[in-house]
Amino acid sequence: RVALIITCPCFVGMYFLAEKIAALIYNAPGAADAIQTMSVGILLLGLHQISTGILQGLGRTSIPVINMILAAAVKVFLSWTLMATVVDFGLAAVLNMIFIYKYTGFALSFSGVFKPAVSAAAMGAAVYGVITLAASWGAWAILAAIAVAVPVYGGVLLAVGGMGKDDLESLPFIGHRLLAAGQKLGYFR
C-alpha cells in the first residue's frame, strides 16, 4: 500500500507534466509521448521492487528471478510486435504478487489500490489545470504544478482514508514528521 501511495502520484505527475519535463530537461517537447508511456513504469517498477523484496524476505529468492526472466521474454516478444516497453515490470509484479498470496495469504485490497488511484486522479486534474493556466510560465509552470499537486494529493488521500497512522509510521525519514503535523491538526488520534 505504501508503494502505491508513493508511486501513483509520481506516475500521474510525470504523465501530465511530460511535455514540460521534455522541454525543460531535453529541450525536446516532442518527447512527451515517450515520457508519458514510460511514466507507467514508475507504478509497475514500484510494485515489482516491493513484491521482489517481500519474496526475498520470505526466503523465496529464486521466484523473482524466474518471474523477471519470464517477463523479459514476454517483453522481447511484445517489443518485437507491439513496441511494448514497460510490460515486463507489470508482468513480473503480478507473478510476484501471485506467489506472495500463495505463501502468505496477502493480497492487495481493492481500497488499497482505489484510494491512492482516486487521489492521484484528483492530483492529475489539479496539475492539468495548473499547467493549462500557467502555460506561458515556462519551467515555472512545473514548480507551480508541483506546489499544487502535493497538497491536493495528500488532502484527498487523507479525505478518502487512504493513509493511516501505520502508513505514516512506515515511511522513512518524513513519516514521523507528517504524523506529528497531522496529529496537531486533529488527524490520526
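Analysis parameters
Residues numbered from 1 in each chain as written. Predicted model: local features only at pLDDT ≥ 70, side-chain atom pairs only at ≥ 80, totals over all residues. Heavy atoms only, no water. Helix = DSSP H or I, 4+ residues; strand = E, 2+ residues; numbered from the N terminus. Buried < 20%, exposed > 50% of the residue type's maximum accessible area, 1.4 Å probe, protein only. Contact = heavy atoms within 4.5 Å. Areas by Shrake-Rupley, 256 points an atom, 1.4 Å probe, with all protein chains shown as cover. Phe/Tyr/Trp six-rings, centres within 6.5 Å; stacked < 30°, edge-to-face > 60°. Lys NZ or Arg CZ within 6 Å of the ring centre and 35° of its normal. 1 Å grid on protein atoms, 1.4 Å probe; cavity = no way out; pocket = protein on both sides within 12 Å on 5 of 7 lines; lining within 4 Å. Points joined across faces, edges and corners; volume = space filled by probe spheres on them.

Engineer: Explanation requested: the overall build of the protein chain in the structure shown.
Structural biologist: The secondary structure content of the protein chain amounts to 9 helices and 0 strands. Starting at the N terminus and ending at the C terminus, the protein chain contains elements arranged as α-α-α-α-α-α-α-α-α. With the C-alpha coordinates aligned to their principal axes, the bounding extent of the protein chain is approximately 50 × 50 × 25 Å. Buried positions account for 34% of the 189 residues belonging to the protein chain. The long-range fraction of contacts in the protein chain, counting pairs at least 24 apart against all pairs at least 6 apart in sequence, stands at 66%. For the protein chain, the exposed area adds up to about 10900 Å²; of that, 72% sits on carbon and sulfur atoms.

Engineer: Is there a simple way to think about the packing of aromatic side chains in this case?
Structural biologist: Ring pairs (aromatic) are described by centroid distance and by the angle formed between their planes. All chains considered together, the criterion is met by 5 aromatic pairs. These aromatic residues form a ring-pair network of at least three members: F11, Y15, F16 and Y128. The cationic tip of R60 hangs over the ring face of Y103; the distance from NZ or CZ to the ring centre is 3.9 Å. Just above the ring of F173 sits the side chain of R177; from NZ or CZ to the centre is 4.3 Å.

Engineer: Would you mind showing me how to read the layout of surface pockets here?
Structural biologist: Any space left empty among the atoms is revealed by the rolling of a water-sized probe across them. Its boundaries defined by the atoms lining it, the largest pocket holds a volume of some 700 Å³. In this structure, the largest pocket is lined by 29 residues; those nearest its centre are V150, P151, Y153, G154 and L178. For the lining of the largest pocket, the secondary structure elements donating two or more residues are α1 (2-16), α6 (110-133), α7 (140-159) and α9 (175-184). Broken down by element, the lining of the largest pocket gets its largest block of residues, 10 residues, from α7. In this structure, the second largest pocket occupies an estimated 160 Å³ of space.

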